[in-house]
Structures are given as structure tokens and as C-alpha cells.
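Fold and contact review
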Amino acid sequence: MPRPIAATIHTAALHHNLERVRQAAPDAKVWAVVKANAYGHGIERAYEGLRGADGFALLDLAEAERVRHLGWRGPILLLEGVFEPRDLELCSRLGLWHAVHCDEQIDMLAAHKTQVPHRVFLKMNSGMNRLGFTPQRFRAAWARLNALPQVDEISFMTHFSDADGPRGVAHQLAVFNTAAQDLPGERTLSNSAATLRHAADARVRADWVRAGIALYGSAPDYPEHTATHWGMRPTMTLATRLIATQQLQAGDTVGYGSRFTAEGPLLIGVAACGYADGYPRHCDTGTPVLVNGIRTRLVGRVSMDMITVDLTPLQQAGVAAGFGAEVTLWGQASNGTVLGVDEVAAAAGTVSWELLTALAQRVPVSVDGNA
Ligand SMILES: *Cc1c(COP(=O)(O)O)cnc(C)c1O
């Protein structure tokens, strides 16, 4: 028998979250962002739940090929554009739309031989200072693109650095709108945080929103808001089982470095999940975990293949928890109790994006049609 750990992808929850994004930006089209193998869910496994989107946005050309291979005929956008000239051939062949964020990408387009002009998204650096033309250089880039026979429609994009926090989007929105003002074409500005928090402003939702983490059931602005607050449902459950229990006495310690010491008699369970499964090693005593759907806490250090959990709340509830008991690391337990991946990420000092995308290869993943 394989180790009992497994992840489950919830198709109905993906579908539900997509609808929630649509409600947040009613008149905008939605890019389902499926980079990083659909945030660790697997593009093929997430596809059924997300195929109601207006397009798929990603970074990797091989992932774009996989989306086409699934039968998707609609828009696919390469969020970072092409990396070398021959990528443009694949764009022509697969009908991929691509971001243009630097002069080198315009040079490549200018040298590209194609019968099919490309739809491009000219990207502005409106303050994030990663990709894009500065506002001062934006019009010149547009004029160059506009003159190329290789280019069909030109759309516009930028990316917000603080949509999830107090600084907000207004400063970048102003920069973008000033520099792109009368240029004709569609616009896409918002990630999940901007879509959920700022899309009441029509200029923020624009023509397309680019939703990633919200589709995968996380709150982009946790802990200010939770996924439940935003009406999002978990799309991935990571679950395993207890493979042992230990009865501790006062003074007994647990695990590497003896990081946890029992103050009195304490029953703990050993679960088959460790950092080699993608469970963060930075989680410490107190990190929430569900055993048989009852909320309890991690005790001691996360090992490569195991974690240890406090079984006191199960004893108090009169629930048996021995060998084989269900352990939910994040997602939904069999009894319906939900443990948000955001909470676990916060306990590890990171964000849900990292946990979902770090699910390890060795964890078997299946798809569940019900949420
Ligand atoms: C990843 C990404 C998104 C999606 O971000 P979320 O915060 O996950 O919604 C949107 N736009 C771009 C350019 C991205 O790279």
C-alpha cells in the first residue's frame, strides 16, 4: 500500500470560485490564471472546473500547449510574453496571445515571419518595477508595435503591487490611465486582490481580470479577510492518516531538536506527511490541523515524512483517534470541516500561493467532481 497521503482537487469548488470572481467583476471577461501547473492543482485536473473562463493565462509555452491539447480553442495569454524568437512560431501555430514588456520582444516580433498577425498585450510598468515599459516609454513602444505587420490588435496591461494592502491601487491606476489614456484597445489590470477589493471601480476591472489565487479558494488579502469572507471554497484538500500514536508524560519531548515538551500526560498522533510532501517545515507547534475533522494543532518540528499532532481535542470530544484516523492538512475533512490553506501558510510565515504550488511530486492527486 502506498503512504496514505493524497491530494484531491475539487472541480465544483473551482467552478464556484470562478463564478464568485465573475460576480466581483460582472462586466469583465475573466482570465483563469493557470501558471505553475494551475497553482499546483494540475492543468488537466483543474480544466473541467475552470473551462467556463473566457481565457487561460500562463507563463510557460509547454503549459499553453497542454491547454490547447485539452481542446481549448479560446484565448490563451502568455503573461510574460516570449523568451526567444522561436517561441513566436508556437504563438502563431497555437494562436497564443502574448504580453510585450520590453524592446527585445518587439525586436523579435519585427523579425518574425508569419502569415497570422499576433494579438499582443503591451505591458506598462506603472510602479511595480518588474516587467513593462515605463509610462514615459509606453507610447513609443505602442507606436513601434502598431507599425508592425506582424501585430494585429494591441491590448494593454499592467500589474498592481499593493492590491491586497493599505497602499491600494489608486497610484498605479492614475499612472496607467494617464499614459495609456487615448490608446485604443482592451485593458487588463487586476489580479485576484484587485478584483475582489477594488473592482467596484470600472477602470480597475477594465475589460479582463486576471484571477489566480481566488480561483483556488484562497483569500488574496489574508488575514485581513478569509476565503470564507470572499465566498471562496477550497479547491485542494491535502489529507493523510495517522500511522502511530504516542502517550507522553510530563517532560517528554517530541521530534527533532526536542522542540516541544509535554507539560503533563498527552496523547499525540503521528501523521504521514512531511516537508517532502510540500508541507512547510516552517510550521511549528500550534499550526492548525484537522484529525477526524476536529481541529487541533501540530506539536514539535515538521520532519521530512511525518508530523506530530495533539489528540487532546479528540479525547475531549469523545472521538476515537488512533491508527488510520483521517488527518486534513488543508482543505475539507470528510465531516465537512474546512481548514483554509491560508491559515497554514500564515503559520509557516508564507502565503497560500507558495503552499499550493509546492505540493510535492510524490503526493498522488485525484479529482473529485463534488466540492
Ligand atoms: C500570477 C499573476 C496573476 C494572478 O495573481 P493572483 O494574485 O494569484 O490572482 C495576475 N497577473 C499576472 C501578470 C500574474 O503573473
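Looking at an unreviewed UniProt entry, one finds the chain named Alanine racemase and attributed to Acidovorax facilis. Word for word, the UniProt comment on the chain under Sequence similarities (unreviewed entry) is "Belongs to the alanine racemase family." Looking at the Catalytic activity (unreviewed entry) heading of the UniProt record, one finds this comment for the chain: "L-alanine = D-alanine".

1. A look at the overall build of the chain
Looking only at helices and strands, the chain features 13 helices and 19 strands. Taken along the three principal axes of its C-alpha coordinates, the chain extends 75 × 40 × 35 Å. Burial statistics for the chain: of 371 residues in total, 54% are counted as buried. Partitioning the intrachain contacts of the chain with sequence separation of at least 6 by distance along the chain shows that 64% fall at a separation of at least 24. Counting 33 positive and 36 negative side-chain charges, the chain places the centres of these two groups 2 Å from one another.

2. So, the side chain of T296
By the secondary structure assignment, T296 is in strand 15 (residues 294-297). On the accessibility criterion, T296 (7% relative accessible area) is buried. For T296, the residues in contact, after removing those within four places along its chain, are T287, P288, V289, V291, D310, P313 and L314.

Criteria and cut-off values
Residues numbered from 1 in each chain as written. Predicted model: local features only at pLDDT ≥ 70, side-chain atom pairs only at ≥ 80, totals over all residues. Heavy atoms only, no water. UniProt positions renumbered as here; feature names shortened; annotations may be inferred. Helix = DSSP H or I, 4+ residues; strand = E, 2+ residues; numbered from the N terminus. Buried < 20%, exposed > 50% of the residue type's maximum accessible area, 1.4 Å probe, protein only. Contact = heavy atoms within 4.5 Å. Lys, Arg positive; Asp, Glu negative; His and termini not counted. Charge placed at Lys NZ, Arg CZ, Asp CG, Glu CD.

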